[in-house]
Amino acid sequence: MSQKETPFEFATGSGCVGPKGYATADQAVASSQHPTVTETMLYVMRSGGTAADAVVAGSIIQAVIQQDMTNHTGTVTGLFYSSQTGEITELNSMGRIVPGLPAHRPVPGGKGLYSPVGSSGPMSVLPGFIPGMKAIHEKFGTKNWSDLVAPAVKAASEGHFVTSFEHLVMAQTVDFFLYTDSGRKHFTPNGHLPQVGEVWASPELAETMAGLASEGPDYFITGKWAEQFVARANELGWLITLDHLDWTPRWSEPTTWTLGDYEISQLSAPDRQAVYCAIVLGVLDALDLPSIGHFTEVALAGYYMAHALRLAHLETGFINDPSLFEDPSSLLMDPEFHQFLAKKLRGSLPKIDLSQHVELTHGKNALQAASGASKQPAGSCELTAVDAEGNWAQMMNTLQSGGIPGEVVGGVPMVGSHQTNALTSGISGWLAGSGGMRAVLSNTMIRRNGEVKISLGSPGNVHCTVPQVLANLLLYGKNPDQASELPRMLPLTDNYILSVESRVSQKYISELAQLGVLANPLPTYDYHMGSYQAAWRENGVLHASTDPRREGSAGGY
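Some words on the overall build of the chain
Line of reasoning, step 1. Scanning the chain for helices and strands turns up 18 helices and 23 strands.
Line of reasoning, step 2. A burial count over the chain gives 61% of its 557 residues as buried.
Line of reasoning, step 3. Look at the contacts in the chain between residues 6 or more apart in sequence, and 72% of them connect residues 24 or more apart.
Line of reasoning, step 4. Across the chain, the mean location of the 34 positive side-chain charges is 6 Å away from that of the 52 negative side-chain charges.

A few points about the side chain of Asp271
Line of reasoning, step 1. Along the polypeptide, Asp271 turns up in the loop between strand 10 (262-266) and helix 10 (273-286).
Line of reasoning, step 2. With no salt bridge to any partner, buried Asp271 finds its closest opposite charge in Arg272, at an N-O distance of 7.2 Å.
Line of reasoning, step 3. Looking at Asp271, its side chain comes within polar contact range of the main-chain nitrogen of Gln273, at 2.9 Å.
Line of reasoning, step 4. A polar side-chain atom of Asp271 sits 3.0 Å from the main-chain amide nitrogen of Leu441.
Line of reasoning, step 5. Setting aside anything within four residues of it in sequence, one finds Asp271 in contact with Ile319, Ala439, Val440 and Leu441.

Here we look at a nonpolar patch on the surface
Line of reasoning, step 1. Judged by side-chain polarity, Leu324, Phe325 and Trp430 come together as a nonpolar surface patch covering roughly 240 Å² of accessible area.
Line of reasoning, step 2. Positionally, Trp430 belongs in the loop between strand 15 (428-429) and strand 16 (437-438).
Line of reasoning, step 3. Trp430 gets classed as partly exposed once you look at its relative accessible area, which sits at 32%.

Some details on the nonpolar core
Line of reasoning, step 1. Formed by 62 residues in total, the largest nonpolar core has its most connected members in Trp257, Val280, Leu470, Leu473 and Met489.
Line of reasoning, step 2. With residues up to four places along the chain from it excluded, the contact list for Leu470 reads Trp257, Ile264, Gln266, Cys277, Leu281, Thr444, Ile446, Leu456 and Leu475.
Line of reasoning, step 3. Counting residues in each nonpolar core, the second largest holds 61 residues, with Val56, Val98, Met133 and Ala213 among its members.

Remarks on the sheet that holds strand 4 (residues 75-81)
Strand pairing in a sheet relies on backbone hydrogen bonds. The paired strands run either parallel or antiparallel.
Line of reasoning, step 1. One open sheet holds the eight strands; their spatial order is 1-23-3-11-12-4-5-8, and the pairing between them is antiparallel. Each edge of the sheet is formed by a strand with only one pairing partner; in this case those strands are strand 1 (9-10) and strand 8 (250-252).
Line of reasoning, step 2. Of the strands in this sheet, strand 1, strand 3 (29-32), strand 11 (380-386) and strand 23 (553-556) are in contact with helix 1 (residues 35-46), which crosses strand 3 at around 155°.
Line of reasoning, step 3. Lying on the sheet, helix 2 (residues 51-65) is in contact with strand 3, strand 4, strand 11 and strand 12 (392-398); it crosses strand 11 at an angle near 155°.

Concerning helix 4 (residues 145-158)
Line of reasoning, step 1. The end-to-end C-alpha distance of helix 4 is 21 Å, a good match for the 20 Å that 14 residues give at a rise of 1.5 Å each.
Line of reasoning, step 2. Along helix 4, the sharpest kink reaches roughly 25°, centred on Pro151.
Line of reasoning, step 3. Contacts made by the buried residues of helix 4 are with helix 1, helix 2, helix 3 (129-140), strand 6 (160-161) and helix 7 (203-215).
Line of reasoning, step 4. Of the residues one or two after helix 4, Gly159 is the one with positive phi, at around 90°.

A short note on the environment of Gly556
Line of reasoning, step 1. Position of Gly556 among the secondary structure elements: in strand 23.
Line of reasoning, step 2. The class of Gly556 is buried, set by a relative accessible area of 1%.
Line of reasoning, step 3. Through-space distance from the C-alpha of Gly556 to that of Thr546 is 13 Å; in sequence the pair is 10 residues apart.
Line of reasoning, step 4. Setting aside residues up to four positions removed in sequence, Gly556 forms contacts with Phe8, Glu9, Ala23, Ala25, Ala28, Val29 and Leu42.

Criteria and thresholds
Residues numbered from 1 in each chain as written. Predicted model: local features only at pLDDT ≥ 70, side-chain atom pairs only at ≥ 80, totals over all residues. Heavy atoms only, no water. Helix = DSSP H or I, 4+ residues; strand = E, 2+ residues; numbered from the N terminus. Buried < 20%, exposed > 50% of the residue type's maximum accessible area, 1.4 Å probe, protein only. Contact = heavy atoms within 4.5 Å. Lys, Arg positive; Asp, Glu negative; His and termini not counted. Charge placed at Lys NZ, Arg CZ, Asp CG, Glu CD. Salt bridge = Lys/Arg side-chain N within 4 Å of Asp/Glu carboxyl O. Polar contact = N/O pair within 3.5 Å; in protein donor to acceptor, adjacent residues only side chain to side chain. Patch = residues over 30% accessible without salt bridge, like charges linked within 9 Å, V, L, I, M, F, W, Y side chains within 5 Å. Areas by Shrake-Rupley, 256 points an atom, 1.4 Å probe, with all protein chains shown as cover. Core = buried A, V, L, I, M, F, W, Y, C linked by side-chain atoms within 4.5 Å. Pairing = 2+ DSSP bridges. Axes fitted to C-alpha atoms, helices over the stretch in contact; angles between N-to-C directions. Expected span 1.5 Å × (residues − 1). Bend = angle between axes of the 7 residues up to and from the residue.

By themselves, these are just geometric observations and shouldn't be taken as functional.
Structure representation (structure tokens):
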């Protein structure tokens with residue numbers, strides 16, 4: 001059924017890459033990166049399901065129709081607000097390392113964006129996706145499990161229309177799967193990728209989804225699919241057992257920090273996002289950044305933002321699994337520390353015009369040059385849902401950190417984990433201990449006077465884009481739709497290069513050069529720089545939006 005035939009109201013531009021409006025509704029809203037996923041979530045809530053039911057159904061079908069971004073073995077994280085208790089609960093169901101086993105890397109470097117030249121290739125880790133779905137359903141679900149999986153069964157059996165964006169991303173990443181026989185059969189069933197406008201069905205995945213619907217989530221944990229997964233792992237030399245797959249995701253309280261009269265809740269350690277954002281916003285607040293101007297309009301404000309992002313990236317390298325290391329989060333979130341960092345930035349500003357140095361170092365054309373698209377994969381999906389009872393769900397599902405790299409088992413493709421044991425690595429873990437990994441994921445809820453006002457999250461460079469969107473919201477007074485549309489940047493590099501979406505002025509670029517910084521313009525709306533899904537309540541009315549950088553959809557009723 002197309003969105004034109006549904007009982008829901010959708011934001012203008014939904015389902016297309018490019019600028020979009022936002023949806024307004026009285027009872028419930030949902031937002032995702034795909035129209036079918038958003039529609040599925042709305043139908044679940046309209047039929048009496050909770051926001052948690054909605055994101056479970058949405059995630060499971062998303063891993064069928066957006067295999068360029070997610071799959072049924074990757075990572076799941078989320079924040080869930082209960083209107084009954086008034087509390088926000090955090091779920092961390094990231095794929096896990098098997099302690100005591102050597103790193104298993106079956107796809108070598110040089111096999112595409114998921115296994116670039118110079119790398120060792122991603123490593124095999126235990127799936128997190130279905131254990132996470134099971135945990136959410138058991139804690140907050142009200143609908144029958146089989147009903148939540150039914151849309152995915154239908155989508156896998158009947159197929160879905162391949163969009164231009166889906167084909168673009170698959171074309172950029174398919175080399176990785178061409179390394180394995182199962183990957184070739186799945187992604188190039190007729191010798192080529194499914195083309196734009198084709199209906200892509202997968203009988204093998206349909207059978208797997210039918211088993212998941214009829215036997216429940218344990219089909220992936222202790223059942224037939226799990227047995228197939230372990231058998232393939234053993235054939236490839238990864239000596240896991242079925243018992244390894246039966247692990248329990250972690251429920252906990254999120255880390256909550258404050259800015260003015262706002263309370264911001266995000267994922268706790270070993271996730272780095274809350275600490276990262278608290279550092280950046282704390283530094284910018286201490287600098288009174290709004291009094292200088294917006295960080296994509298005034299060069300000095302951009303200079304400070306770029307440095308704050310870099311400092312946060314370095315400082316949060318000290319965060320690890322709290323079961324293995326002491327947790328420095330409270331120290332890093334101390335406002336006095338942020339004031340010190342702000343003073344350090346103020347006290348180290350250039351005293352002369354450095355534009356000549358930038359020109360001599362990078363060439364006369366450097367200040368007018370534009371870069372190509374970011375050379376990195378972008379595979380994750382964020383879901384937002386608010387139901388008629390006032391429950392909120394903000395959840396990520398992603399192909400990252402789950403399964404056996406390059407393999408397809410039961411129609412389920414897998415990427416594995418790009419974890420690197422390094423201080424500055426976004427994903428990092430240890431081969432001893434609990435098997436948990438550190439990441440930086442975006443699930444965010446914002447309360448004011450005890451009431452949830454905004455919920456948001458995104459894939460794609462989340463470590464640095466979430467604090468920018470929060471700055472737009474909390475320091476510059478934008479609504480979530482406006483906050484996600486504005487240009488975004490990467491942290492300043494060690495050699496003074498600032499990559500920023502090329503919707504900034506030539507004056508901005510020239511004045512950055514005076515500060516010794518070369519602006520590296522990214523594509524105007526770079527889909528690697530996030531795709532925000534958001535909901536917010538204003539004057540008792542619900543709104544939902546989706547980012548212009550991808551083909552998302554926001555709707556409500």
